[in-house]
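Coordinate analysis (summary)
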Amino acid sequence: VQLQASGGGLVQAGESLRLSCAAAGLTDRATGMGWFRQAPGTERDFVAMISWSGDSPYYERSVKGRFTISKDNAKNTAYLQMNSLKPEDTAIYYCAVVIGGTYGPPFLANWVNYWGQGTQVTVSS
């Protein structure tokens with residue numbers, strides 16, 4: 001599976017950004033697609049995940065109500081709409097695909113099978 005991520009950038013607090021991630025390759029056994037993020041000196045943490053069929057989204061508590069994950073099944077592309085961004089959202093965001101297993105929480109970085117190249121999101125105060 002190859003993941004091509006796009007989006008990200010530098011915004012001010014309260015503004016919005018949208019991340020995209022297109023998957024190509026052996027996706028027939030994929031069960032979930034989503035994003036993790038990693039700030040300097042921290043571990044890579046779960047942000048949001050959606051089932052491969054494009055339903056049952058899950059969110060990390062601090063982004064729930066501000067971020068929305070969606071998926072275009074025809075394009076095998078997931079989107080992360082990030083609204084009301086805060087400085088603490090600043091991190092490198094990594095697209096992730098999980099292969100096999102049963103879809104559902106918890107979503108741990110160690111269980112991710114494929115990672116995108118990472119995209120920087122910086123929110124200034």
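Refer to the structure presented above.
Let me begin by describing the structure that accompanies this report. Quick caveat: nothing in here was measured; it's all calculated off a predicted structure.

Notes on the overall build of the chain
The helix and strand inventory of the chain stands at zero helices and eleven strands. Starting at the N terminus, the α and β elements of the chain follow one another as β-β-β-β-β-β-β-β-β-β-β. In terms of overall dimensions, the chain has C-alpha extents of about 40 × 25 × 25 Å along its principal axes. Across the 125 residues of the chain, 42% fall into the buried class. Distance between charge centroids for the chain: 2 Å, based on 10 positive and 9 negative side chains.

Details of the packing of aromatic side chains
In this description, a pair of aromatic rings is defined by centroid distance and the angle of the planes. Taken as a whole and assessed by the stated rule, the structure comprises seven aromatic pairs. A centroid spacing of 5.5 Å and a plane angle of 55° characterise the contact between Tyr58 and Phe107, whose relative ring orientation is tilted. Here Tyr58, found in strand β6 (residues 58-59), pairs with Phe107, found in the loop between β9 (91-99) and β10 (114-115); they are 49 residues apart in sequence, far enough to count as distant. We classify Tyr58 as partly exposed; its relative accessible area is 33%. What links up through ring pairs into an aromatic cluster is the set Phe36, Phe46, Tyr58, Tyr94, Tyr103, Phe107 and Trp115. The cationic tip of Arg44 hangs over the ring face of Tyr94; the distance from NZ or CZ to the ring centre is 3.5 Å. Note that Lys71 overlies the ring of Trp52, its terminal NZ or CZ placed 4.1 Å from the centroid.

Concerning the sheet that holds strand β3 (residues 17-24)
With respect to topology, four strands assemble into an open sheet ordered β1-β3-β8-β7, the strand pairing being antiparallel. Single-partner strands in this sheet number two, and they are β1 (2-6) and β7 (67-72). Strand-to-strand, the axes of this sheet are offset by a mean angle of 15°, without reference to chain direction. Judged from the six bridges that link them, β7 and strand β8 (residues 77-82) form a sheet pairing that is antiparallel. Within β8, the residue paired with Ser70 across the bridge is Tyr79.

Examining the state of the cysteines
Using the criterion set out here, one finds one disulfide in the structure. The side chain of Cys21 participates in a disulfide bridge whose partner is Cys95; the two sulfur atoms lie 1.9 Å from each other. Across the S-S bond of Cys21 and Cys95 the torsion is about -85°, and the bridge reads as left-handed. Here Cys95 lies in strand β9 and Cys21 lies in strand β3, a separation of 74 residues in the sequence.

Details of the environment of Thr31
Within the secondary structure, Thr31 sits in strand β4 (residues 30-38). On the accessibility criterion, Thr31 (17% relative accessible area) is buried. C-alpha of Thr31 to C-alpha of Gly100: the two residues are 69 residues apart in sequence and 5.8 Å apart in space. Those residues in contact with Thr31 that sit more than four places away from it in its chain are Ile50, Ser51, Trp52, Val98, Ile99, Gly100, Gly101 and Tyr103.

Conventions we followed
Residues numbered from 1 in each chain as written. Predicted model: local features only at pLDDT ≥ 70, side-chain atom pairs only at ≥ 80, totals over all residues. Heavy atoms only, no water. Helix = DSSP H or I, 4+ residues; strand = E, 2+ residues; numbered from the N terminus. Buried < 20%, exposed > 50% of the residue type's maximum accessible area, 1.4 Å probe, protein only. Lys, Arg positive; Asp, Glu negative; His and termini not counted. Charge placed at Lys NZ, Arg CZ, Asp CG, Glu CD. Phe/Tyr/Trp six-rings, centres within 6.5 Å; stacked < 30°, edge-to-face > 60°. Lys NZ or Arg CZ within 6 Å of the ring centre and 35° of its normal. Pairing = 2+ DSSP bridges. Axes fitted to C-alpha atoms, helices over the stretch in contact; angles between N-to-C directions. Disulfide = S-S within 2.5 Å. Contact = heavy atoms within 4.5 Å.

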